[in-house]
Amino acid sequence: MSQNEKKLGPMLATFVVAGNMIGSGVFLLPAGLAQTGSSSMIGWLVAAIGAAILACVYALLGTIRPQKEGLTDYPVSAFNRGAGFLSWAAYWISCWVGNVAVILAAVGYLASLFPGGISRFMESLILIGLIWGLALANLAGAKQMGRIAGATLIIGILPILAVTALGMIHFDADLFASSWNVSDAPLTASIPPTILTIFWAFLGLESANAVAAVVKDPRRNLAIAAVGGVSMAALLYAAACAALFGILPAAEMAASSAPFADAATKVAGAGFGALIAIAAITRTIGCAGGWFLVSAQSSRAAAVMGFLPAGLKEENHIERPVRNILLIAILMTLVVFATLSPTLNGQFLAIVDFSVLLFMAVYAISAAALIRFAAQLRDVRHRRLTRLLGGIAIVYCLFVAVGSF
């Protein structure tokens, strides 16, 4: 089998992007946003628009600069090694720190299968076990991990679509309206902070660029993966979250560690709720596996650039960077202990907000790099539009970061 045949085609690359997004965000974020109310749907809209803008940024970057080192190369080529190091460090740290939150979502839904729940100590043990299980799965290779991401994406989406459909049938408009603004704060004050948390659901839009080394024909397929993945995720989020607010009261949703399973139980019974919980566990584990791949490839690329020890380059093992995978597993285990909280939701939200802030910095640097790369385009009109897109993306990143405080 040739090296090219081992790489990800447009469909598998799109699954990696969509799979890295459709995970803990759709399954657990509604519980945190319920503290604001159904008005948080405005935040989902603003986040989706921003994600589409950033997806276009990465689509153009993949077209103009289809280098295999992807995210690590953009700021270095556009500016200098200092900018490259800052961008890489923020992205790399947010990848493996944030991946702990993804797996936490799986643990939360697993706990919902037990009538009395499980202890925080047991949740932590399960979390660590899943981290190392996913490390072993990634050792099988990039293509196998892409297949797992695709399979679990389908497993996760079908039940969510079923709950969304049932939710629309049983949608209670009065309940949705009564939950509109439970915080009682003006929307201009309550919505901006939610966008930071909501954007967690869209992190991963750059995943194809991060693993460009294992993507076939990156000049063409990176654009397809970025735009296709974001579109798939945004449509699912909008329908699913609207349905949830029409099924569960905001207070009940805010107290839940498995809002989709609770909504399914209310609409179709405990059996269906358990099925949704199992699907959520499967999907979030697949999502975490994709992030493992992205994290390991990011550290390998950084070693090539000289940001990490040369022993992590693994040039002969690009599809299966053993040392980098083991490094990520160790670092994620340390995060589990460093972020221990009395509640699972508390630990989840703390990790989420930290990770998104780091990602906003990465996205802004990438957008600035796109503005510099626009000079390589021959058509004057294309250069201007590309620079405009980069400028809008930078302003959006600043808006999200500032609005969180």
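Just so we're clear, the structure is a prediction, and the values are computed from it rather than from any experiment. (Residues numbered from 1 in each chain as written. Predicted model: local features only at pLDDT ≥ 70, side-chain atom pairs only at ≥ 80, totals over all residues. Heavy atoms only, no water.)

Caption draft 1: Representation of the overall build of the protein. Scanning the protein from N- to C-terminus turns up 17 helices and zero strands. Computed over the C-alpha atoms, the radius of gyration of the protein is 20 Å, within 12% of the 22 Å expected from 2.2 N^0.38 for a compact globule of 405 residues. With respect to the three principal axes, the spread of C-alpha positions in the protein is 55 × 45 × 35 Å. For the protein, buried positions account for 57% of its 405 residues. Approximately 15000 Å² of the protein is accessible, and the part contributed by carbon and sulfur atoms is 69%. Between the averaged position of the 23 positive side-chain charges in the protein and that of its 16 negative side-chain charges there is a distance of 15 Å. (Helix = DSSP H or I, 4+ residues; strand = E, 2+ residues; numbered from the N terminus. Rg over C-alpha atoms; globule rule 2.2 N^0.38 Å. Buried < 20%, exposed > 50% of the residue type's maximum accessible area, 1.4 Å probe, protein only. Areas by Shrake-Rupley, 256 points an atom, 1.4 Å probe, with all protein chains shown as cover. Lys, Arg positive; Asp, Glu negative; His and termini not counted. Charge placed at Lys NZ, Arg CZ, Asp CG, Glu CD.)

Caption draft 2: Structural view of a nonpolar patch on the surface. Where nonpolar side chains cluster on the molecular surface, the patch consists of W132, V322, L326, I330 and L334 and spans about 420 Å² of accessible area. Relative to the elements of secondary structure, L326 occurs in helix α15 (residues 322-338). Residue L326 is classed as partly exposed on the basis of its relative accessible area, which comes to 35%. (Patch = residues over 30% accessible without salt bridge, like charges linked within 9 Å, V, L, I, M, F, W, Y side chains within 5 Å. Salt bridge = Lys/Arg side-chain N within 4 Å of Asp/Glu carboxyl O.)

Caption draft 3: Seen up close, unusual backbone geometry. Unlike most non-glycine residues, D184 shows phi in positive territory, near 65 degrees. Following the sequence through the fold, D184 ends up in the loop between α8 (173-178) and α9 (187-198). On the accessibility criterion, D184 (68% relative accessible area) is exposed.

Caption draft 4: Region of the structure containing α9. Taking 1.5 Å per residue, twelve residues should reach 16 Å; α9 reaches 16 Å between its end C-alpha atoms and fits that length. Within the span of α9, buried status applies to S190, I191, T194, I195, L196, T197 and I198. (Expected span 1.5 Å × (residues − 1).)

Caption draft 5: Quick peek at the packing of helix α5 (residues 81-112) against helix α16 (residues 344-373). It is the contact of α5 with α16, at a shortest axis distance of 8 Å, that shows an interaxial angle of 150 degrees. As the angle between them shows, α5 and α16 are arranged roughly antiparallel. Here α5 runs over α16; the crossing is left-handed. Here the contact of α5 with α16 is composed, by residue class, of 18 nonpolar, six polar and no charged. (Axes fitted to C-alpha atoms, helices over the stretch in contact; angles between N-to-C directions. Parallel < 35°, antiparallel > 145°, perpendicular 65-115°, else oblique. Left-handed = near helix turned anticlockwise from the far one by under 90°. Nonpolar A, V, L, I, M, F, W, Y, C, P; charged D, E, K, R; others polar.)

Caption draft 6: Quick peek at helix α6 (residues 120-138). Taking 1.5 Å of rise per residue, 19 residues should cover 27 Å, and α6 covers 27 Å from first to last C-alpha, within 8% of that figure. The set of residues buried in α6 consists of E123, S124, L127, I128, I131, L134, A135 and N138. In an axial view of α6, the angular spread of the buried residues amounts to 135 degrees, which keeps them on one side of the axis. In α6, the exposed positions angled more than 90 degrees off the buried face are occupied by F121 and L136. (Arc of directions from axis to C-beta.)

Caption draft 7: Representation of the nonpolar core. Residues W44, F199, F260 and Y363 are the most contacted members of the largest nonpolar core, which totals 129 residues. A total of 17 residues in this core trace back to one element, the largest contributor, which is α5. Discounting residues that sit within four places of it in the chain, Y363 has contacts with L54, Y58, F199, F202, L203, G204, L205, E206 and C397. (Core = buried A, V, L, I, M, F, W, Y, C linked by side-chain atoms within 4.5 Å. Contact = heavy atoms within 4.5 Å.)

Caption draft 8: Geometry of the packing of α6 against helix α14 (residues 270-305). In the contact formed by α6 and α14, the axes pass within 9 Å of each other and the chain directions differ by 60 degrees. Judged by the inter-axis angle, α6 sits oblique to α14. In this structure, the crossing between α6 and α14 has a hand that is right-handed. On the side of α6, the interface is formed by L130, I131, L134, A135 and N138, while α14 contributes I285, A288, G289, F292 and L293. Among the residues making up the contact of α6 with α14, the classes are represented as eight nonpolar, two polar and no charged.

Caption draft 9: Local environment of the environment of I160. The topology assignment puts I160 in helix α7 (residues 142-169). Measuring from C-alpha to C-alpha, the distance between I160 and I276 comes to 7.3 Å, with 116 residues separating the pair along the chain. With sequence-adjacent residues up to four places away left out, I160 is seen in contact with F27, L236, A240, F260 and I276.

Caption draft 10: Representation of the packing of aromatic side chains within the structure. As enumerated under the stated definition, the model contains 20 aromatic pairs in all. Ring geometry for W88 and W92: centres 5.0 Å apart, planes at 20 degrees, overall stacked. Of the two residues, W88 and W92 both sit in helix α5, four residues apart, roughly one turn of that helix. Overall, W88 belongs to the buried group, its relative accessible area being 7%. A relative accessible area of 9% means that W92 is categorised as buried. Here the aromatic residues W44, Y58, Y91, F199, F202, Y237, W291, F359, Y363, Y396 and F399 are joined through ring pairs into a cluster of three or more. (Phe/Tyr/Trp six-rings, centres within 6.5 Å; stacked < 30°, edge-to-face > 60°.)

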